[in-house]
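A structural walkthrough
Chain by chain, the residues:
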Amino acid sequence: MNASPTSLSRSDRIALYLTIALGAVATFGVIWGMIARLVEVIPGRDVPVLVPFLDETAQLPIGPDGALVTVSVDQAVLTVSELAPATQFALIAQPLVTGIAILAGIVLLCLLCWNLARGRAFTRRNVRIILAGTVVLLAGWFLGSILSNMTVNGTLSAISDYGYDGVIFEADWAPLFAVLALGAIGAAFQIGERLQRETEGLI
């Protein structure tokens, strides 16, 4: 049973509809970025790849009169060609997986905002939307991390002819905290939906 609609102020509804509009704009941005990256990587020639480094240094002409100064290198963009098939696959799959996960997350967020704007908060549908968003974000983060590391290691292998032992695995842990936050929000909505359903049963 769905909860009965609850009233929202006009400003609250406007804010939610504005979020939906921003989500639509973000959708076009994500699609554009995904297509642009695929155009870069699909030919397999002169592909720019952002590669992280650990405890590496380089010399840059940034001193007086262009004198060389040793700097610490955390990441650099490498241009590579003649990639191994597995690396080429990862280069193509990574933007697709990440882009699709982000697009799915935007759609779910817009659906949640639409329901909230209509005055429906603690409903089973919203609980499912939040839990689905958690799964999508977790899957996108996990698969994207694997593909990114395949890309990095494959690029380093191609550049060094398998002579450089680089970063084995690196992951951005920020999305994982977002997953935990979404899980907590989903649990709160689920508790709210149950309490509201039980309250309605007493009336």
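What this report covers is the structure whose coordinates are included nearby.

Rules and cut-offs
Residues numbered from 1 in each chain as written. Predicted model: local features only at pLDDT ≥ 70, side-chain atom pairs only at ≥ 80, totals over all residues. Heavy atoms only, no water. Helix = DSSP H or I, 4+ residues; strand = E, 2+ residues; numbered from the N terminus. Expected span 1.5 Å × (residues − 1). Buried < 20%, exposed > 50% of the residue type's maximum accessible area, 1.4 Å probe, protein only. Axes fitted to C-alpha atoms, helices over the stretch in contact; angles between N-to-C directions. Parallel < 35°, antiparallel > 145°, perpendicular 65-115°, else oblique. Left-handed = near helix turned anticlockwise from the far one by under 90°. Nonpolar A, V, L, I, M, F, W, Y, C, P; charged D, E, K, R; others polar. Contact = heavy atoms within 4.5 Å.

1. Some words on helix 1 (residues 10-41)
Note: α-helices contain 3.6 residues per turn, so residues at a spacing of three or four share the same orientation. For helix 1, spanning 32 residues, the distance from its first C-alpha to its last is 47 Å, which sits close to the expected 46 Å at 1.5 Å a residue. When helix 1 is considered as a whole, its buried residues turn out to be Leu16, Ile20, Gly23, Val30, Met34, Leu38 and Val41.

2. Points about the packing of helix 2 (residues 85-117) against helix 3 (residues 124-160)
Interhelical geometry of helix 2 versus helix 3 gives an angle of 160 degrees and a closest axis separation of 8 Å. Taken together, the axes of helix 2 and helix 3 lie roughly antiparallel to each other. The two elements helix 2 and helix 3 cross, and the hand of that crossing is left-handed. Its residues assigned to classes, the contact of helix 2 with helix 3 shows 19 nonpolar, 13 polar and 1 charged.

3. Comments concerning unusual backbone geometry
The phi dihedral of Asp46 falls on the positive side, at around 50 degrees, and the residue is not glycine. Classification of Asp46 by relative accessible area gives exposed; the value is 57%. The backbone of Asp55 sits at a positive phi, close to 55 degrees, despite the residue not being glycine. Counting through the fold element by element, Asp55 comes out in strand 1 (residues 47-60).

4. As for the side chain of Asn126
Turning to its location among the elements, Asn126 is positioned in helix 3. Residues within four places of Asn126 in sequence aside, it is in contact with Leu112, Asn115, Leu116, Arg120, Ala121 and Phe189.

5. Quick look at the packing of helix 1 against helix 2
The angle between the axes and the distance between the axes are what describe a pair of packed helices. Following both chains from N to C, one finds helix 1 and helix 2 inclined at 170 degrees, their axes separated by 9 Å at the closest point. It follows that helix 1 is roughly antiparallel to helix 2 by the angle criterion. Tallied by class, the residues present in the contact of helix 1 with helix 2 amount to 23 nonpolar, 5 polar and 2 charged.

6. With respect to the environment of Ala187
Within the fold, Ala187 resides in helix 4 (residues 174-202). You can call Ala187 partly exposed: its relative accessible area is 34%. Residues Ala187 and Leu131, 56 residues apart in the sequence, show an inter-C-alpha distance of 8.7 Å.

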